[in-house]
Every structure is written in C-alpha cells, then in structure tokens.
Amino acid sequence: MFDLNLDPYVHFDRLMKEAVAKQVPEANAMSLATVDERGIPSVRIVYLKEVTSEGFVFFGNYDSHKGKDIEQNPNVCLNFHWPVLWHQIRITGMAVKLNPEESDAYFKTRARLSQIGAWASKQSEEIPSYDHLVRRVEEYEKQFDGQEVPRPENWGGWLVIPTEIEFWFGLNGRLHQRYIYQKTEDGWRTLLRAP
Ligand SMILES: Cc1cc2nc3c(=O)[nH]c(=O)nc-3n(C[C@H](O)[C@H](O)[C@H](O)COP(=O)(O)O)c2cc1C
C-alpha cells in the first residue's frame, strides 16, 4: 500500500529507481507543459537532470518557446509516463531559473557537440534550411577550436518547485489509484482522487 506519510521525494526517488531497474526507456524523459501570454498551452519532452530538496531540474534555451512562456508565466506542469510499470507522475509547480554557476557546472559535463549546438541552434526559431544549422555548427566549431566551449548566456537550467505532486498507479477495471501531495505552509497535505 502506498504510504502517504512518506515524503513525496522519497516516493519519487524509489519509483524512478524502479523504472531504471526495470529498464523503462528514457525514464527521465518528462513532458513539460507551459502556457503563453495568450493562454495557449504547449507541451514538449525534456530530460529531468536532477532532483534537489527544492524540486526538479531541467535545462534548455532561455529564448526558446518554453523559455519565453516561462518568462511571462512561471506556472508549469511536468508529467512522467512509464507504460511498462503503468505509472504516471504529475508535478505542478513554478519554474525558476537556476543561478549561472549551477548552469555552468552542468554545461561543462555536456558532450562537446551538444555544447556547440547550444551556440549554433537558436532553439524554436525559424531557420531557412537544415544546412543553415549545419553551417552554424561548423562556424562555432572553428570559433572554439582548441578551447573549452563556454555556456551561452541564454542556455541554462530551471528548477520546478512543486505545489502539487500526483502519483498514479494503473489498476484493472480503470480503478486506478491516485495519491496527491499538495504543498502547504508547514509541509504537505495529502489526499486521494477518484480515477
Ligand atoms: C527524449 C527527449 C528529450 C529531450 N530533452 C530536452 C531537454 O532536456 N531540453 C530541451 O530544451 N529540449 C529537449 N528535447 C527537445 C524538446 O522536446 C523540444 O523540441 C525543444 O526543447 C524545443 O521546444 P520549444 O520550442 O517548445 O521550446 C528533448 C526531446 C526528446 C524527444
């Protein structure tokens, strides 16, 4: 039985470990939903890179579609779906930019081509052709030849600070179990929801 007395981060950690152990493909891939200034939603997959005591961390381009959405509306929603386990985890919260030092530290760990790509790709912008991107990659490879690639200022991480976390377990007859944690001033309120 799912123990609602346990901290939700303990559950998340256990469930992620189980997903990895059971070789769920791309277990750390999650949907990220944002909303633009007109209220129009968009969703895309990003990788969860770290879980801290404060929340869930992912990285990308601050000038991208998602970056612009978050800039004007920090309310986001994350969703993991692990079909083999029939598990779903939904995290609703506020996205805040990591500080530059934290983004630098992660950027340094990335493969060189990904680092070059962060310079070459103006993520989410229209491009005239794929060749155009390839040429930009070549230009930046020349520019940074023989040196470490620095982090572009418009590339970095966000921390999603949760206001609600839902753990969903699929069961037969659509009688799924939904366990919810809602952030309060002094901890978490817990509840169940009908499936
Ligand atoms: C498995 C997978 C993982 C991805 N991880 C990231 C990521 O960590 N960060 C990122 O910016 N884009 C990632 N992408 C690409 C995004 O889905 C998306 O195309 C990109 O961020 C641009 O989105 P936007 O135009 O809505 O801002 C990933 C895509 C897939 C399929």
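One can find the structure itself at the top, above this paragraph.
Residues numbered from 1 in each chain as written. Predicted model: local features only at pLDDT ≥ 70, side-chain atom pairs only at ≥ 80, totals over all residues.

Enquirer: Looking at this model, I keep getting lost on the overall build of the protein. Mind explaining?
Expert: Looking only at helices and strands, the protein features five helices and nine strands. Traced from its N-terminal end to its C-terminal end, the protein shows the element sequence α-β-β-β-β-α-β-β-α-α-α-β-β-β. With the C-alpha coordinates aligned to their principal axes, the bounding extent of the protein is approximately 55 × 40 × 30 Å. For the protein, the proportion of its 195 residues judged to be buried stands at 21%. Taking all contacts inside the protein whose residues are at least 6 apart in sequence as the whole, residues at least 24 apart take part in 59%. (Helix = DSSP H or I, 4+ residues; strand = E, 2+ residues; numbered from the N terminus. Buried ≥ 20, exposed ≤ 12 C-beta atoms within 10 Å, placed from the backbone. Contact = placed C-beta atoms within 7 Å.)

Enquirer: Help me understand the nonpolar core, please; the structure alone is not making it clear to me.
Expert: Buried together is how nonpolar side chains tend to be arranged in soluble globular proteins. Core analysis: the largest hydrophobic core is formed by 20 residues, its most contacted members being Val76, Leu78, Ile91 and Val160. Of all the secondary-structure elements, those providing two or more residues to this core are α1 (8-21), β1 (29-35), β4 (56-61), β5 (75-82), β6 (87-97) and β7 (155-169). For this core, the element with the highest residue contribution is β5, accounting for four residues. Those residues in contact with Leu78, other than ones at most four positions away along the chain, are Met30, Ser31, Leu32, Phe56, Ile91 and Val160. The next biggest cluster of nonpolar side chains, apart from the first, holds six residues, and it includes Ile116, Trp119, Val149 and Trp155. (Core = buried A, V, L, I, M, F, W, Y, C linked by C-beta atoms within 7 Å.)

Enquirer: What's the story with the site of the ligand in this structure? I'm lost.
Expert: Around the ligand, a shell composed of 15 residues is seen, among which Arg44, Gly60, Ser64, His65 and Ser124 lie nearest. No other element matches the five residues that strand β2 (residues 41-47) contributes to the shell around the ligand. Partitioned by chemical class, the residues of the shell around the ligand number six nonpolar, six polar and three charged. (Near = placed C-beta within 6 Å. Nonpolar A, V, L, I, M, F, W, Y, C, P; charged D, E, K, R; others polar.)

Enquirer: Before we go on, may I ask you to explain helix α4 (residues 112-120) in this structure?
Expert: One full turn of an α-helix is made of 3.6 residues, so residues set three or four places apart face in the same direction. Within α4, burial applies to Gln115, Ile116, Ala118 and Trp119. Angular distribution of buried residues about the axis of α4 spans 150 degrees; they occupy a single face of the element. Exposed side chains of α4 directed beyond 90 degrees from the buried face belong to Leu113 and Ser114. (Arc of directions from axis to C-beta.)

Enquirer: I tried to follow the pairing of strand β9 (residues 187-192) on my own but got confused; where do I start?
Expert: Consecutive side chains along a regular strand alternate between the two faces of the sheet. Of all six residues making up β9, only zero are buried, and the element is barely covered by its neighbours. Pairing between strand β8 (residues 177-184) and β9: six bridges, direction antiparallel. Each bridged residue has a counterpart across the sheet, and for Lys183 the counterpart in β9 is Trp188. Between β8 and the antiparallel strand that follows it, β9, lie two residues. (Pairing = 2+ DSSP bridges.)

Enquirer: Is there a simple way to think about the environment of Thr109 in this case?
Expert: Tracing the sequence through the fold places Thr109 in the loop between α3 (100-108) and α4. On a C-alpha basis, the gap between Thr109 and Asp69 in space is 27 Å, while along the polypeptide they are 40 residues apart.

Enquirer: Can you walk me through the packing of α4 against helix α5 (residues 130-143) in this structure?
Expert: For any two helices packed against each other, the geometry is given by the interaxial angle and the distance between the axes. Closest axis-to-axis distance for the α4/α5 pair is 9 Å, and the angle between their directions is 115 degrees. Classed by the angle they form, the pair α4 and α5 counts as roughly perpendicular. Seen from above, α4 lies across α5 with right-handed handedness. Across from Ile116, Gly117, Trp119 and Ala120 in α4, the residues of α5 making contact are Leu133, Arg136, Val137, Tyr140 and Glu141. In the contact of α4 with α5, the residues fall into six nonpolar, one polar and two charged. (Axes fitted to C-alpha atoms, helices over the stretch in contact; angles between N-to-C directions. Parallel < 35°, antiparallel > 145°, perpendicular 65-115°, else oblique. Left-handed = near helix turned anticlockwise from the far one by under 90°.)

Enquirer: Sorry if this is basic, but what is going on with unusual backbone geometry here?
Expert: The phi angle of most residues is negative, glycine excepted, and most peptide bonds adopt the trans form. With phi around 50 degrees, Glu26 is a residue other than glycine that occupies positive phi space. Topologically, Glu26 is positioned in the loop between α1 and β1. For Glu26, a count of 11 C-beta atoms within 10 Å puts it in the exposed group. One non-glycine residue with positive phi stands out, namely Trp86, at about 60 degrees. Judged by the 13 C-beta atoms lying within 10 Å of it, Trp86 is partly exposed.

Enquirer: Would you explain the environment of Asn28 in this entry?
Expert: Positionally, Asn28 belongs in the loop between α1 and β1. Asn28 gets classed as partly exposed once you count the C-beta atoms within 10 Å, which come to 16. In this structure, the C-alpha to C-alpha distance between Asn28 and Asn99, residues 71 residues apart in sequence, is 22 Å. Among residues more than four places away in sequence, those in contact with Asn28 are Tyr47 and Leu48.

Read these as layout, nothing more, since geometry by itself doesn't imply function.
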